Amino acid sequence: MAKSKKKEEKPEKAEKVKKASQKAAGPEKASKAGIDEKAMKFMREYLNTASPVGFENSGQKVWIDYIKPFADEIMTDPYGTAVAIINPGQPFKVVIEAHADEISWFVNYITDLGLIYLKRNGGVDHQIAPSKRVLIHGKKGIVKGVFGWPAIHTRMGTADQKEPIPKVDNLWLDVGARNKKEVEELGIHIGAVVTYEEGIDELAYDFMIARAFDNRIGGFMIAETARQLKEEKVKLPYSLYVVNAVQEEIGLRGAEMIARRIKPDVAIVTDVTHDTTTPLINKNIEGDIACGKGPSLAYAPAVHNKLLALIEKVAAEEKIPVQWRALSRSTGTDTDSFAYANDGCPSVLISIPLRYMHTTVEMLHKSDIINTIALMVASLKALTPETNLSYFE
């Protein structure tokens, strides 16, 4: 469909309106700014590309191709973490980071009847699996399959026998094969990785769903942060390392490796956090966080208090709404790996609220994406090598 003449004549005005609305205090105003089609195209491709733990390279290629024009250098490490570097070679180094991997399954055992049993690859939720469609990434390409489960007619519980519940050891895949040989002829092998089929979609009122917003929405936001810095021609007084790390879901391993390699002076990590406003979540334990009310900042031992105060001040000055959480011994995110790497790295966590984590319908609000990007951009502008992060000065 052709663009209207009015929009073609006044692109500068439209862009000013967009930027103004992004800085507005309310998420409703921020959401109206939207995410432009270039960014949405990247988001769709990135979210719909499988990137399971240990096999992130396909998703990483999509991410690198998008961010490359906004960076001066690209580097990767042996396990697949991708880094875009802006203003390289400076003595002071800042990281903004997300993780690229998604939870998945491994093929573990193939029966003589052609059914496939699995092992977890990350914290995949077995309770949502029955009747889900999957993609098995075999040696001959992708093979479609389904999680089988007995029909309700055949599994009704009785006084003597409880109805079965899904567990890792009683879930199986059916690919249409009727013996082990037929399975193997499809290229399926022990260790083949399995991902869910669902991709990204949009709901009413600016909500979006996808199977892997945890945490490829972070990869999207740090890429958009790099894009905005480039388009605004921001000259940073330090080297910025935009890090999309692998293997977070099995113990923060990718961040651990890349933190040792980069040796940053500051790290700003972004990940998802729980929206606690849905049923069956205890706010006494999880706190009070909601989609559409802005990114979440957190207090935790690994979170550097003075760096957190800087982020909080930036949010107030830019009128970016934020929410607050208290975390315990660890954040459970790559923040921990950066904070405790090398000689210690002042680190902070900026989280985006998410409903239904580790399901195929992870849900978030567009305004939170926009506000998180705005907070990262403004924080990077405020940060300098002279920023005093010492607890004793």
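For the structure itself, look to the data block above.
On to the pattern of salt bridges. In the structure shown here, the tally under the stated rule is 16 salt bridges. Of the charged contacts, one joins K132 and E198 as a salt bridge, the two residues approaching to 3.1 Å between their closest N and O atoms. Taken together, the positions of K132 in the loop between β5 (115-121) and β6 (133-138) and E198 in the loop between β9 (193-196) and β10 (201-202) put the pair 66 residues apart, joining distant regions of the chain. Classification of K132 by relative accessible area gives buried; the value is 18%. Judged by its relative accessible area of 27%, E198 falls in the partly exposed class. We note a salt bridge from D275 to R355, for which the minimum N-O separation is 3.2 Å.

Once that is clear, we can look at the packing of helix α5 (residues 57-67) against helix α7 (residues 213-231). Relative to each other, α5 and α7 sit at 15 degrees, their axes nearing to 10 Å. What the angle tells us is that α5 and α7 run roughly parallel. The handedness of the crossing between α5 and α7 comes out as right-handed. Taken together, the residues of α7 that come into contact with α5 (itself represented by W63, Y66 and I67) are G219, I222, A223, E224, A226 and R227. Here the residues of the contact of α5 with α7 sort into six nonpolar, one polar and two charged.

What follows deals with the packing of aromatic side chains. When we look at a pair of aromatic rings, we describe it by the centre distance and by the angle of the planes. Summed over the entire model, instances satisfying the criterion amount to 10 aromatic pairs. A ring pair is formed by F42 and Y46, whose centres lie 5.4 Å apart and whose planes are at 10 degrees; its orientation type is stacked. With F42 and Y46 both in helix α4 (residues 37-48), this residue pair falls four residues apart, about one helical turn. Of the two residues, F42 and Y46, neither departs from the other in class, the shared state being buried.

A separate point is the sheet that holds strand β1 (residues 73-76). Across the sheet, which stays open at both edges, the eight strands sit in the order β1-β2-β12-β3-β13-β16-β14-β15 with mixed pairing between neighbours. In this open sheet, the two edge strands, each paired with only one partner strand, are β1 and β15 (323-326). Neighbour to neighbour, the strand axes of the sheet diverge by 25 degrees on average, direction disregarded. Along the sheet, helix α10 (residues 305-317) makes contact with β13 (266-274), β14 (296-299), β15 and β16 (347-354), crossing β14 at roughly 155 degrees. Contacting β3 (93-99), β12 (239-245), β13, β14 and β16, helix α12 (residues 366-382) crosses the sheet at an angle of about 165 degrees to β16.

Once that is clear, we can look at the pairing of β1. Direction of pairing for β1 relative to strand β2 (residues 82-86): antiparallel, over a ladder of four bridges. Paired with T76 across the strands is A82, a residue of β2. Linking β1 to β2, which pair antiparallel, is a turn of five residues; within it G80 sits at a positive phi near 110 degrees.

A few words on the sheet that holds strand β4 (residues 104-110). Sheets are built from strands paired through backbone hydrogen bonds, the pairs being either parallel or antiparallel. Read around the closed barrel, the six strands follow the order β4-β5-β8-β7-β6-β9; overall the barrel is antiparallel. Between one strand axis and the next, the sheet turns by 45 degrees as a mean value, whatever way the strands run. The pairing of β4 with β9 spans two bridges and is antiparallel. When the sheet's bridge partners are listed, F106 is paired in β9 with V193.

What follows concerns α4. Think of an α-helix as turning once every 3.6 residues; residues three or four places apart then point the same way. Under the 1.5 Å per step criterion, the end-to-end length of α4 is 16 Å for 12 residues, consistent within 8% with the ideal 16 Å. Residues A39, M40, F42, M43, Y46 and L47 constitute the buried set of α4. One face of α4 carries all of its buried residues, which in axial projection span an arc of 160 degrees. Exposed side of α4, more than 90 degrees from the buried face: E37 and K41 are the residues found there. The elements touched by buried residues of α4 are α5, β10, β11 (207-210), α7, β12 and α12.

Next up on the list: empty space enclosed by the protein. Rolled over the atoms, a probe sized like a water molecule indicates the empty space that remains. For the structure on display, the rule yields one cavity of 30 Å³ or more. Of the voids in this model, the largest cavity is the one considered here, and its volume is about 60 Å³. Every residue along the wall of the largest cavity is listed here: E102, I103, T195, Y196, R211, A212, H358, T359 and T360. A breakdown of the residues in the lining of the largest cavity according to their chemical character gives three nonpolar, four polar and two charged.

Bridging between β14 and β15 involves four bridges; their strand directions are parallel. Looking at β15, one finds that A298 is bridged to R325. As for the winding sense of the linkage, the β-α-β connection from β14 through α10 to β15 is right-handed. Where β14 meets β16, two bridges bridge the pair, whose relative direction is antiparallel. Following the sheet pairing, L297 is matched in β16 by I350.

By secondary structure assignment, the location of E249 is in the loop between β12 and α8 (253-262). Buried within the structure, E249 lacks any salt-bridge partner; R216 is the closest side chain of opposite charge, at an N-O distance of 9.1 Å. For E249, the side chain forms a polar contact with the side chain of H358, separated by 3.5 Å. Sequence-distant contacts of E249, defined by excluding residues within four places in its chain, comprise V53, H99, D101, I103, G122, G123, D214 and H358.

The peptide bond linking D214 to N215 adopts the cis configuration, its omega dihedral lying at 0 degrees. Mapped onto the fold, N215 is located in helix α7. Residue D206 is not a glycine yet carries a positive backbone phi of 65 degrees. Tracing the backbone through its elements, the reader meets D206 in the loop between β10 and β11. Unusually for a residue other than glycine, Y356 sits at a positive phi of about 65 degrees.

Parameters and conventions
- Residues numbered from 1 in each chain as written.
- Predicted model: local features only at pLDDT ≥ 70, side-chain atom pairs only at ≥ 80, totals over all residues.
- Heavy atoms only, no water.
- Salt bridge = Lys/Arg side-chain N within 4 Å of Asp/Glu carboxyl O.
- Helix = DSSP H or I, 4+ residues; strand = E, 2+ residues; numbered from the N terminus.
- Buried < 20%, exposed > 50% of the residue type's maximum accessible area, 1.4 Å probe, protein only.
- Axes fitted to C-alpha atoms, helices over the stretch in contact; angles between N-to-C directions.
- Parallel < 35°, antiparallel > 145°, perpendicular 65-115°, else oblique.
- Left-handed = near helix turned anticlockwise from the far one by under 90°.
- Contact = heavy atoms within 4.5 Å.
- Nonpolar A, V, L, I, M, F, W, Y, C, P; charged D, E, K, R; others polar.
- Phe/Tyr/Trp six-rings, centres within 6.5 Å; stacked < 30°, edge-to-face > 60°.
- Pairing = 2+ DSSP bridges.
- Expected span 1.5 Å × (residues − 1).
- Arc of directions from axis to C-beta.
- 1 Å grid on protein atoms, 1.4 Å probe; cavity = no way out; pocket = protein on both sides within 12 Å on 5 of 7 lines; lining within 4 Å.
- Points joined across faces, edges and corners; volume = space filled by probe spheres on them.
- Right-handed = clockwise from strand over helix to strand, strands pointing away.
- Lys, Arg positive; Asp, Glu negative; His and termini not counted.
- Polar contact = N/O pair within 3.5 Å; in protein donor to acceptor, adjacent residues only side chain to side chain.

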